Amino acid sequence: MYDYDLLVVGSANADLVMGVERRPGAGETVLGSDLAVHPGGKGANQAVAAARLGARTALLARVGDDAHGRLLLDSQRAAGVDTVGVLVGGAPTGVALITVDPSGDNSIVVSPGANGRLTPEDIRSAGCLFQGSRVVSAQLEIPLETVVEAVRNLAPRSRFVLNPSPPRPLPREVLAACDPLIVNEHEAKVILGDSAVGDSPEDWARILLAKGPRSVVVTLGGRGALVASSKGVSRVPAVKVDAVDTTGAGDSFTAALACRLGAGESLADAAAYAARVGAVTVTRKGAQASFPTAAEVPAP
């Protein structure tokens, strides 16, 4: 019935990465490593991660008619992603400036470029992709009105997964479609806004759930994750590894979770699998280059 296990609607960026001993403060200059250029962007990353895990994946995005755009298209096709939905032109390809410190933590500044030109009309024109997809995943590196239009074009029985990054308040229509809403600690607090927030991630998850999503996943880095739905709240244990670079870890987690949900797994089991995928990702440098194949994901 479905042509795709996962349709990713989102951003495609060229990642410009430098290693630093420490991130600079205001007005400070620090020396970094040689510049490395990698294909990235949360949407493109999720699509590659899903395809590497064996999912039939399509990407709906926009890139520039430039060298960075060609780099991104080549990386998608090499991973096995269907790029029929990738539009070209309208602005330069988006760029992310990334610094990575010795602990593997990163800081990112994004210039949206062509991502900001992915419009609601582009979504409406891609109706066949939505009708043929079991799960649709999105992020917020594209215009919010475009994400809203993606929700409105979902097929009747397809599932919508949203990682609201970079975070911003979400309209009720989008929240109500999320199954799940996937947030880290920072994103959870932005989405919660002025709502009363407890001291524990379980409290955040319950309050987020009350805002309308059908389910919620809160990722907690080295402390694992938790899942919340009408069935309750439960913890997903962390997978202990020595982190080298956290770039792309959240994207691989979201992609793996979406794939497993589309295959019919429970939210808790899908999140546990996604945690193992994310754990492999952080042991390797880069974003897309660090994503594992299904055979490389450790058993529970």
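Everything quoted here is computed from the prediction, not taken from an experiment. (Residues numbered from 1 in each chain as written. Predicted model: local features only at pLDDT ≥ 70, side-chain atom pairs only at ≥ 80, totals over all residues. Heavy atoms only, no water.)

(A) Structural view of a nonpolar patch on the surface. Residues Met18, Leu35 and Val37 make up a contiguous nonpolar surface patch of roughly 260 Å² in combined accessible area. Within the secondary structure, Val37 is located in strand β3 (residues 36-40). (Patch = residues over 30% accessible without salt bridge, like charges linked within 9 Å, V, L, I, M, F, W, Y side chains within 5 Å. Areas by Shrake-Rupley, 256 points an atom, 1.4 Å probe, with all protein chains shown as cover. Salt bridge = Lys/Arg side-chain N within 4 Å of Asp/Glu carboxyl O. Helix = DSSP H or I, 4+ residues; strand = E, 2+ residues; numbered from the N terminus.)

(B) Spatial organisation of unusual backbone geometry. Backbone torsion omega between Ser165 and Pro166 reads -5 degrees, so that peptide bond is classified as cis. Tracing the backbone shows Pro166 in the loop between β9 (159-162) and α6 (172-177). Of note, the bond from Asp179 into Pro180 is cis; its omega dihedral lies within 30 degrees of zero at 15 degrees. Along the chain, the position of Pro180 falls in strand β10 (residues 178-183).

(C) Representation of helix α9 (residues 249-262) in the model. Over its 14 residues, α9 extends 20 Å from the first C-alpha to the last, a length consistent with the 20 Å expected when each residue adds 1.5 Å. Across the 14 residues that make up α9, a large majority, 12, are buried. Looking at α9, one finds that the buried residues are Ala249, Asp251, Ser252, Phe253, Thr254, Ala255, Ala256, Leu257, Ala258, Cys259, Leu261 and Gly262. Positive phi appears at Gly264, one or two residues downstream of α9, with a value of about 100 degrees. (Expected span 1.5 Å × (residues − 1). Buried < 20%, exposed > 50% of the residue type's maximum accessible area, 1.4 Å probe, protein only.)

(D) Inspection of the nonpolar core at higher detail. By size, the foremost hydrophobic cluster in this structure holds 42 residues, and its most contacted members are Leu6, Leu59, Val217, Phe253 and Leu257. Looking at this core, the elements that each hand over two or more residues are β1 (4-9), α1 (42-52), β4 (57-63), α2 (67-79), β12 (225-229), α9 and α10 (267-281). Setting aside residues up to four positions removed in sequence, Leu257 forms contacts with Pro180, Ile182, Val217, Leu267, Ala270, Ala271 and Ala274. Residues Tyr4, Ala58, Val151 and Val218 belong to the second largest nonpolar core, which totals 39 residues. (Core = buried A, V, L, I, M, F, W, Y, C linked by side-chain atoms within 4.5 Å. Contact = heavy atoms within 4.5 Å.)

(E) Spotlight on the pattern of salt bridges. Scanning the model with the defined rule gives 16 salt bridges in all. Notably, a salt bridge pairs Arg56 with Asp5, separated by 3.0 Å at the nearest N-O pair. Placement of Arg56 in the loop between α1 and β4 and of Asp5 in strand β1 is noted, with a sequence separation of 51 residues between them. A relative accessible area of 38% means that Arg56 is categorised as partly exposed. Through salt bridges that share partners, Glu121, Arg124, Glu149, Arg152 and Glu173 make up one connected network.

Read these as spatial facts, not as claims about activity.
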